[in-house]
Amino acid sequence: MSFPANFLWGGATAANQCEGAYDLDGRGLANVDVIPNGPFRRFVTSGERPMLDFEDGYFYPARQGIDMYHHFKEDIRLFAEMGFSVYRLSIAWTRIYPKGDETEPNRKGIEFYRELFEECRKYNIEPLVTITHFDCPIHLIKEYGGWRSRRMIDFYKRLVTTLFTEFKGLVHYWLTFNEINVLYHLPFMGAGICFYEGEDRYQVTNTAAHHELVASAWAVKIGHEIDPDNKIGCMMAAGTVYPATCRPEDMLKAQAENRSNYRLIDVQVFGQYPSYMCKEYERGGFTIPFAEDDREILRQNTVDFVSFSYYSNRTVSTEDKPDPNKNSFFSGTKNPYLKASDWGWVVDPLGLRLTLNDLYDRYRVPLFVVENGLGAYDKVEENGEIIDDYRIDYLRDHIKAMRDAVTLDGVELWGYTTWGPIDLVSASTGEMSKRYGFIYVDLDDSGCGTMKRSRKKSFYWYKKVIASNGDDLE
Ligand code: BGP
């Protein structure tokens, strides 16, 4: 009972968390550049505290990332050594269109990614490209207000047309928006939105969501027209939500929470808004800003596959006070059956099987696990070794659960990319010390270090996993 022979194995990164070189070769400034690390970060990512430029007294980790801009050949060589057949990465929008509303792209940005994709192909690694992973040009935020503006759809269409044209034949797998549902929780990160005083947040975030959905459908249309071999997927932050008890009220709450995660994916897969969402909009006094041919575009251009991140899950209750975990994007209540990571993210491998089954039952399209992993503190031994057995245990258990979903439950799963095959900047906290990698990067939370890469124990373990197509997990 094994994974299919053509199953894709690899790892996933995002431009803003690893590239650095934020101002090189014509790159423009993006929202992700001006998000500081530390406790203040969440006020910026959520749009409560507008920060549209660097300010004194803060550290901005995305400026240098792990300097993958200059290390990508070395890093891809290490991925190849582990046997990757897929590498998920994202494009920095501002390398291609520095301000976002230009009519001509920045050739240096295009050449950077071309070189990167060619490097992947050299090792038979299939690139899986996230078109936007939390990034939005600052100019588009200042000038148009981010995704609250319909104009964003045109700029995004221009971006994707350039990408599909320039990288035709080099890239076949695309994701339109990383964790599209995160825009509800972190509007600045997910949609380039800062709130103005007195603004109705419900109206603004749902307007932005509609614009991203329409833009995503356009990307599917344009991508298929330019190259019918393109496979274009959506991407959500997943994790089936549990009710704290079997009280019907808790069950109903868990269902509502699950729907709030699925709602945008429902539109991307089914091509229309689900009725529960329309009813909620009616109650909330929100009118979907349909324009021209939006309905047709959404209906005709549904995604080829559904991809998702899975780290953890949440438990909700109508009775207990929520126990907001300040380190997570989402809040919930305590699940007494599960242990948590150092950052309070509960560890639940079986939850991955549940999630895969729920998604496949609901959507009946191929799935792709594009993020999964354990953020943990690593210790470098005196001889330089990093013995990360905790990471191996986490991944082993999740891969087993995923294997069960495929071989016992019949889920069609195209592949698996672990989050952060190389240590990189954390999205939620901006730390380097929250490490996910098989490859260690010598860099600390204040940006000091040599950037030297070294192999952890998990590096050799994952290599074995891939070589055996997931059979040898010991
Ligand atoms: C996902 C994001 C990633 C990534 C991951 C881990 O939500 O898509 O960008 O960072 O979470 O989160 P963190 O880095 O906060 O540990």
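For the structure itself, consult the block above.
Here is a short report on the structure shown in this document.

Rules used throughout
- Residues numbered from 1 in each chain as written.
- Predicted model: local features only at pLDDT ≥ 70, side-chain atom pairs only at ≥ 80, totals over all residues.
- Heavy atoms only, no water.
- Helix = DSSP H or I, 4+ residues; strand = E, 2+ residues; numbered from the N terminus.
- Rg over C-alpha atoms; globule rule 2.2 N^0.38 Å.
- Buried < 20%, exposed > 50% of the residue type's maximum accessible area, 1.4 Å probe, protein only.
- Contact = heavy atoms within 4.5 Å.
- Areas by Shrake-Rupley, 256 points an atom, 1.4 Å probe, with all protein chains shown as cover.
- Lys, Arg positive; Asp, Glu negative; His and termini not counted.
- Charge placed at Lys NZ, Arg CZ, Asp CG, Glu CD.
- Pairing = 2+ DSSP bridges.
- Near = heavy atom within 4 Å.
- Nonpolar A, V, L, I, M, F, W, Y, C, P; charged D, E, K, R; others polar.
- Arc of directions from axis to C-beta.
- Expected span 1.5 Å × (residues − 1).
- Bend = angle between axes of the 7 residues up to and from the residue.
- Axes fitted to C-alpha atoms, helices over the stretch in contact; angles between N-to-C directions.
- Parallel < 35°, antiparallel > 145°, perpendicular 65-115°, else oblique.
- Left-handed = near helix turned anticlockwise from the far one by under 90°.

1. Concerning the overall build of the protein
When helices and strands are counted, the protein shows 15 helices and twelve strands. Against the globule reference of 23 Å for 474 residues, the protein gives a C-alpha radius of gyration of 21 Å, in line with a compact fold. Each principal axis of the C-alpha atoms in the protein carries an extent, and together these give about 60 × 55 × 50 Å. For the protein, the proportion of its 474 residues judged to be buried stands at 62%. Of all intrachain contacts in the protein linking residues separated by at least 6 positions in sequence, the fraction that spans at least 24 positions is 76%. For the protein, the exposed area adds up to about 18400 Å²; of that, 50% sits on carbon and sulfur atoms. Counting 55 positive and 70 negative side-chain charges, the protein places the centres of these two groups 1 Å from one another.

2. Considerations on the pairing of strand 1 (residues 8–12)
The buried fraction of strand 1 amounts to five of the five residues, a majority that puts the element mostly inside the structure. Inspection of the sheet shows strand 1 paired to strand 10 (residues 413–419) by five bridges, in the parallel sense. Within strand 10, the residue paired with leucine 8 across the bridge is glycine 415. Both strand 1 and strand 2 (residues 86–90) contribute to a ladder of three bridges, which runs parallel. Note that in strand 2 the partner of glycine 11 across the bridge is tyrosine 87.

3. Points about the site of the ligand
Around the ligand there are 15 residues in total, and Gln17, Glu179, Ser428, Lys434 and Tyr436 lie nearest to it. Bound to the protein, the ligand loses 99% of the 380 Å² it would expose on its own. For the shell around the ligand, the residue count by class is seven nonpolar, five polar and three charged.

4. Notes on helix 15 (residues 457–467)
Taken as a whole, helix 15 has its buried residues at Ser458, Phe459, Trp461, Tyr462, Val465 and Ile466. One face of helix 15 carries all of its buried residues, which in axial projection span an arc of 165 degrees. Its buried side turned inward, helix 15 meets strand 1, helix 3 (68–82), helix 14 (389–407), strand 10, strand 11 (439–441) and strand 12 (453–455). Following helix 15 by one or two positions, asparagine 469 adopts a phi angle in the positive range, close to 55 degrees.

5. Quick word on helix 3
In a regular helix each residue adds 1.5 Å, so 15 residues correspond to 21 Å; helix 3 covers only 18 Å between its end C-alpha atoms and thus falls short of that length. Helix geometry: helix 3 is bent most strongly at glutamate 74, by close to 35 degrees. The set of residues buried in helix 3 consists of Met68, Tyr69, His71, Phe72, Asp75, Ile76, Leu78, Phe79 and Met82. Looking one or two residues past helix 3, glycine 83 carries a phi angle of roughly 95 degrees, positive in sign.

6. Digging into the sheet that holds strand 1
Read around the barrel, eight strands follow the order 1-2-3-4-5-7-9-10 and close on themselves; strand pairing throughout is parallel. Within this sheet the neighbouring strands show an average axis-to-axis angle of 25 degrees, counted without direction. Alignment of strand 4 (residues 173–177) against strand 5 (residues 231–237), held across three bridges, turns out to be parallel. Looking at strand 5, one finds that tryptophan 174 is bridged to isoleucine 232. Along the sheet face, helix 7 (residues 151–166) touches strand 3 (126–132), strand 4 and strand 5 and points at about 165 degrees away from the line of strand 3.

7. Thoughts on unusual backbone geometry
Residue aspartate 25 is not a glycine yet carries a positive backbone phi of 55 degrees. Tracing the backbone shows aspartate 25 in the loop between helix 1 (15–18) and helix 2 (41–45). Of the residues examined, aspartate 25 reaches a relative accessible area of 36% and is grouped as partly exposed. Even without being glycine, methionine 451 reaches a positive phi, approximately 70 degrees. With respect to the helices and strands, methionine 451 occurs in the loop between strand 11 and strand 12. Of the residues examined, methionine 451 reaches a relative accessible area of 10% and is grouped as buried.

8. Comments concerning the packing of helix 3 against helix 5 (residues 107–122)
Relative orientation of the contacting elements helix 3 and helix 5 amounts to 10 degrees, with a least axis distance of 10 Å. If you check the angle between helix 3 and helix 5, you find them roughly parallel. Listed contacts from helix 5 to Tyr69, Phe72, Lys73 and Ile76 of helix 3 are Phe112, Glu115, Leu116, Glu119 and Cys120. A per-class count over the contact of helix 3 with helix 5 returns six nonpolar, no polar and three charged.

9. Focus: the packing of helix 13 (residues 349–363) against helix 14
Axis separation between helix 13 and helix 14 bottoms out at 8 Å; the angle between their running directions is 30 degrees. Between helix 13 and helix 14, the crossing angle belongs to the class labelled roughly parallel. Note that helix 13 runs across helix 14; the crossing there is right-handed. Residues Pro349, Leu352, Arg353, Leu356 and Asn357 of helix 13 form the contact with helix 14, whose participating residues are Asp397, His398, Ala401, Met402, Asp404 and Ala405.

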